[in-house]
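Each chain, letter by letter, is given below.
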Protein chains: 2
Amino acid sequence: MRRRLTLAEYKKGVLSGDRVVLSQAITLVESKLEEDAELASQLVQEILPSTGNSLRVGITGVPGVGKSTFIESFGNMLLENGKKLAVLAVDPSSQRNKGSILGDKTRMETLASNKKAFIRPSPAGNTLGGVAAKTREAMLLCEAAGFDVILIETVGVGQSETAVKGMVDFFLLLVLAGAGDELQGIKKGIMEMADGILIHKADGENKSAAKKAISSYKSALHLFPPAANGWYPQVLTASSYTKEGIDEAWEMIMKFESQAKTSGYKEENRVSQRLNWLEENLQTLLGNRFYGDPEIQKQLDKSKEQVAKGEVSPLVLARELIGLFFRNANQLK
Amino acid sequence: MRRRLTLAEYKKGVLSGDRVVLSQAITLVESKLEEDAELASQLVQEILPSTGNSLRVGITGVPGVGKSTFIESFGNMLLENGKKLAVLAVDPSSQRNKGSILGDKTRMETLASNKKAFIRPSPAGNTLGGVAAKTREAMLLCEAAGFDVILIETVGVGQSETAVKGMVDFFLLLVLAGAGDELQGIKKGIMEMADGILIHKADGENKSAAKKAISSYKSALHLFPPAANGWYPQVLTASSYTKEGIDEAWEMIMKFESQAKTSGYKEENRVSQRLNWLEENLQTLLGNRFYGDPEIQKQLDKSKEQVAKGEVSPLVLARELIGLFFRNANQLK
């Protein structure tokens, strides 16, 4: 049985950068037990004044694009530049069995063994909404522990990209140069979220194809309206093998960061992310109460069958279910 | 004071195709009064067996693209082909003041005066979620009244496109040929939703530019993965002035429809739309209860200020608000 620390112990450990306590604190926020949730919520509140000082970078791309090797070489470059790096993953377990990068520690050996890096695999067995919320809390804990760059990785084929986009400052899309179908497999809408596109594995025979692909990505991006911050997403090439382009990727992010700070967009974006986070929490908690009600679960299954068959109007059923839920709620204590 | 009909009167009137009663029935589903909502829900249930037989087409495009003239010429072509046509609009009032097409009846004169067409402007003064839900119900009422093509129009710059995509069989995007920036002004993600793109106003001096723009749209679409139904969105040109391309637009939709029927995608898509509709209703009704609670409204405003300032964790506040809500709910009768 895991021993739970006290609020004061968690706080002290996290703020002093104790990696063991940080790990335990993240386990706490990932817990589904109500008593843990209450403590986790207090802990996040306690460390809040020490958060917000990192650069938050989302990294996405389909399996096979080389996210693990990129994070390894990109991360080592950051460490050499004196940064303290945390790497988190957002993805429900169901999508993590085809070569989970962060679960597969051996592929990030040098990062994992560095005291200035903190690597945290994706929590297993959770639904997406929960994992995304918990990743945001884990990110705050890492910030409070003094990590100044946080990479948040997602596989780019699920529904977690929007969630990650909603918690980072910069969203990087890794792609490969292919035969005109560069974006095959990338989920709809992902390209439009990207602040930067990195054509990865640009080495050896791939190098010239990668250079050529730049213009096709650029012209595709040109079809999208510019983002609210006035930033035009850049397209770069890089190889984690030769290390070419790794520095340039960081320079792009720093340029974005500097522009966002000057224009006030960075703070503005974070305020709006926090407000969204409040809304998401409200909806998640409301949904948990509703969908967690055993009687609702039973009725909802029946209702879905009736709706699928087209027998009963979803409107009628929704009104009945909500009525039932609040009658039940009123009968509790 | 509007007289409310009985359930039986509404049902009989709608099923017999009485346009006056149909209008009144749509007014009923648009009503915010709880007693109307209950009756509306019963009416939708009663007419449900007579729904589902129309072809549902969403039409979107930025203001100025000529949606009203397109709907007029496209609609008249359909009427000449013996179809019965209903035209509905989904857009919150706030976005309807810059040249609302359907509000501006004079621009759809010939359609409006035809007995086989039914034109219904967007309900005013509502929030998006509500309008979208009510438009879906209005669509069912129109089907029950015997209209076999339903056009649902949205302005393409708001948040209503996803809602419309979720209630139609075919989603048509109207665009203009421009100087390489064809999609300027189109909201992110809209192009990826389209089953067909129509480059409008392809007449006179615009004609050659429109033809040229076909290939740039096609190559942009090529960057997106194919839709679940295996359909590759088509790109056509049309002029509502010369009527060139209007028939071809209909042929494209008929081809899509025939393919979707054969493959089973049409029914599959409608089942999944109904299930989503149930979820949406549940979330709307839950949200109405929560956000409609006066004490929650007061506290939420305070909470938002605290969150914007970064003083309190959204997690803590969300837990407090939800706790407060259910304590209040339990105290009601």
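Per an unreviewed UniProt entry, chain A carries the name LAO/AO transport system ATPase and comes from Algoriphagus machipongonensis.

A. Seen up close, the overall build of chain A. Counting its secondary structure elements, chain A contains 13 helices and seven strands. Counting across all 333 residues of chain A, residues that qualify as buried make up 54%.

B. Up close: the relation of the copies chain B and chain A. Once turned by 180° and shifted 0.1 Å along the axis, chain B lies on chain A with an RMSD of 0.1 Å. Put plainly, the chains are arranged around a two-fold axis. With an isologous cut-off of 70% or more, the 98% of interface residues of chain B that recur at the interface of chain A puts this contact in the isologous class.

C. Molecular detail of the domain arrangement of chain A. All names here are of chain A. When its domains are assigned, chain A resolves into domain 1 (1-50), domain 2 (52-262) and domain 3 (292-331). Listed as interface residues are 18 residues of domain 1 and, on the opposing side, 22 residues of domain 2. In this assembly, domain 1 packs against domain 2 so that about 1700 Å² is buried in total across both faces, 62% of it on carbon and sulfur atoms. Where domain 1 touches domain 2, the interface holds one salt bridge. Among the salt bridges present, the one from Arg-120 reaches Glu-30, with a minimum N-O distance of 3.1 Å. Where domain 1 touches domain 2, the interface holds six residue pairs in polar contact (both at pLDDT 80 or more). For the side of domain 1 that touches domain 2, the elements supplying multiple residues, two or more each, are helix H1 (7-15), helix H2 (19-30) and helix H3 (34-47).

D. Summary view of the environment of Thr-154 of chain A. Residues and elements named next belong to chain A. Inspection of the secondary structure puts Thr-154 in strand S4 (residues 149-154). Residue classification places Thr-154 among the buried positions, given a relative accessible area of 0%. For the pair formed by Thr-154 and Glu-268, sequence separation is 114 residues and the distance between their alpha carbons is 24 Å. Of the polar contacts made by the side chain of Thr-154, one reaches the side chain of Glu-161; its length is 2.9 Å.

E. Geometry of the sheet that holds strand S2 (residues 85-89) of chain B. Residue and element names in this part refer to chain B. One open sheet accounts for seven strands, arranged S3-S2-S4-S1-S5-S6-S7; its pairing is parallel. Single-partner strands in this sheet number two, and they are strand S3 (117-120) and strand S7 (234-237). Across the sheet, the mean angle separating the axes of adjacent strands is 20° when strand polarity is ignored. Where strand S5 (residues 170-175) lies against strand S6 (residues 196-199), four bridges are found, and the strand directions are parallel. Residue pairing in the sheet places Leu-172 in a bridge with Gly-196 of S6. The strands that helix H4 (residues 67-80) touches are strand S1 (55-60), S2, S3, strand S4 (149-154), S5 and S6; relative to S4, the one it contacts most, it runs at about 180°. Across the sheet, helix H9 (residues 206-222) is in contact with S5, S6 and S7; its angle to S7 comes to roughly 165°.

F. Geometry of the pairing of S2 of chain B. All names here are of chain B. Summarising burial for S2: five of the five residues are buried, a large majority. Pairing of S2 with S3, which is carried by four bridges, proceeds in the parallel orientation. Opposite Val-87, over in S3, you have Ile-119 as the bridge partner. Here five bridges tie S2 to S4, and the two strands are oriented parallel to one another. Residue Val-87 lies in a different strand from S4, and its bridge partner there is Leu-151.

G. Layout of the interface of chain B and chain A. Taken together, the 62 residues of chain B in the interface contact 61 residues of chain A. Taken together, the two surfaces of chain B and chain A that pack against each other cover about 5800 Å², and 64% of this comes from carbon and sulfur. Our count for the contact surface shared by chain B and chain A stands at six salt bridges. In this structure, the connection of chain B to chain A is made through 14 residue pairs in polar contact (both at pLDDT 80 or more). At the level of elements, helix H3 (34-47), H9, helix H11 (265-291), helix H12 (294-309) and helix H13 (314-331) of chain B are the ones that each hand at least two residues to the side of chain B that touches chain A.

H. Looking closely at the side chain of Thr-60 of chain A. Here Thr-60 of chain A shows up in strand S1 (residues 55-60). Only 3.2 Å separates the side chain of Thr-60 of chain A from the backbone oxygen of Thr-154 of chain A, close enough to count as a polar contact.

I. Summary view of helix H4 (residues 67-80) of chain A. Residue and element names in this part refer to chain A. Relative to the 20 Å expected for 14 residues at 1.5 Å per residue, H4 spans 20 Å between its end C-alpha atoms, a close match to the ideal helical length. Burial within H4 is extensive, with 12 of its 14 residues counted as buried. Among the residues of H4, those classed as buried are Lys-67, Ser-68, Phe-70, Ile-71, Glu-72, Ser-73, Phe-74, Gly-75, Asn-76, Met-77, Leu-78 and Leu-79. Following H4 by one or two positions, Gly-82 has its phi on the positive side, about 85°.

J. Spatial organisation of the pattern of salt bridges. With the rule as written, the count across this model stands at 28 salt bridges over all chains. Put simply, Glu-244 of chain B and Lys-207 of chain B hold a salt bridge, and the shortest N to O gap is 3.0 Å. With Glu-244 of chain B in the loop between S7 and helix H10 (246-263) and Lys-207 of chain B in helix H9, this pair connects stretches of sequence that are 37 residues apart. Residue classification places Glu-244 of chain B among the partly exposed positions, given a relative accessible area of 41%. Of the charged contacts, one joins Lys-261 of chain B and Glu-257 of chain B as a salt bridge, the two residues approaching to 3.6 Å between their closest N and O atoms. Of this pair, Lys-261 of chain B and Glu-257 of chain B both sit in helix H10, separated by four residues, roughly a single helical turn. Within the structure, one salt-bridge network assembled from shared partners comprises Asp-169, Glu-257, Lys-261, Lys-266 and Arg-270 of chain A.

Calculation rules
Residues numbered from 1 in each chain as written. Chains lettered and ligands numbered in written order. Predicted model: local features only at pLDDT ≥ 70, side-chain atom pairs only at ≥ 80, totals over all residues. Heavy atoms only, no water. Helix = DSSP H or I, 4+ residues; strand = E, 2+ residues; numbered from the N terminus. Buried < 20%, exposed > 50% of the residue type's maximum accessible area, 1.4 Å probe, protein only. Least-squares fit on C-alpha atoms with pLDDT ≥ 70 in both. Contact = heavy atoms within 4.5 Å. Domains from an automatic or database assignment. Buried area = accessible area lost by both parts, 1.4 Å probe. Salt bridge = Lys/Arg side-chain N within 4 Å of Asp/Glu carboxyl O. Polar contact = N/O pair within 3.5 Å; in protein donor to acceptor, adjacent residues only side chain to side chain. Pairing = 2+ DSSP bridges. Axes fitted to C-alpha atoms, helices over the stretch in contact; angles between N-to-C directions. Expected span 1.5 Å × (residues − 1).

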